[in-house]
Amino acid sequence: DLVISLGTNDHQYVKTEKELRKMRDKVHAKRVIWIMPPCNEKFCKINVNAIVNKLAQEYGDHIIGTKHVQPDGIHPSWKGYKEIVKKAGL
């Protein structure tokens with residue numbers, strides 16, 4: 001299994017889809033799980049989430065995420081990390 005948690009810190013000058021696709025093309029894991037970047041009132045990058053959805057669908061990968069985040073609205077809380085691990089079956 002391989003877990004991918006990327007894209008959250010990407011900015012307008014990063015070619016997110018190109019970079020994630022290049023990385024994903026090199027992965028030969030039995031199961032790939034993408035951690036969906038959060039989207040809430042404090043933080044949301046709709047374009048990055050759309051790219052993660054698109055790539056996961058193309059490759060037949062799984063997507064998981066959590067609404068349980070730190071006060072910054074970005075990083076998972078301990079409850080969020082536990083939820084991610086449970087959803088991933090790790």
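Predicted, not measured: the structure shown is a model, and the values here were computed from it.

The description of two packed helices rests on the angle between their axes and on the distance between the axes. It is at 10 Å that the axes of helix 1 (residues 16-25) and helix 2 (residues 46-59) come closest, and there the two elements cross at 30 degrees. In terms of orientation, helix 1 lies roughly parallel with respect to helix 2. The two elements helix 1 and helix 2 cross, and the hand of that crossing is right-handed. Residues T16, E17, L20, R21, R24 and D25 of helix 1 touch helix 2, and the partners they reach there are V48, I51, K54, L55, E58 and Y59.

This next bit is on the packing of aromatic side chains. Under the counting rule described, the total for this entry stands at one aromatic pair. Centroid distance W78 to Y81: 5.9 Å. Interplanar angle 50 degrees. Geometry classified as tilted. Of the two residues, W78 and Y81 are both situated in helix 3 (residues 78-88); the distance of three residues between them amounts to about one turn of the helix. Classification of Y81 by relative accessible area gives partly exposed; the value is 40%.

With that out of the way, let us pick up the pattern of salt bridges. This model, assessed by the stated rule, comprises seven salt bridges. The residue K87 makes a salt bridge to E83 at a minimum N-O spacing of 3.3 Å. Note that K87 and E83 are positioned in helix 3 at a spacing of four residues, about one turn of the helix. The exposure class of K87 is partly exposed, given its relative accessible area of 45%. Three or more residues are tied together by salt bridges with common partners; here these are E17, R21, K54 and E58.

Criteria and thresholds
Residues numbered from 1 in each chain as written. Predicted model: local features only at pLDDT ≥ 70, side-chain atom pairs only at ≥ 80, totals over all residues. Heavy atoms only, no water. Axes fitted to C-alpha atoms, helices over the stretch in contact; angles between N-to-C directions. Helix = DSSP H or I, 4+ residues; strand = E, 2+ residues; numbered from the N terminus. Parallel < 35°, antiparallel > 145°, perpendicular 65-115°, else oblique. Left-handed = near helix turned anticlockwise from the far one by under 90°. Contact = heavy atoms within 4.5 Å. Phe/Tyr/Trp six-rings, centres within 6.5 Å; stacked < 30°, edge-to-face > 60°. Buried < 20%, exposed > 50% of the residue type's maximum accessible area, 1.4 Å probe, protein only. Salt bridge = Lys/Arg side-chain N within 4 Å of Asp/Glu carboxyl O.

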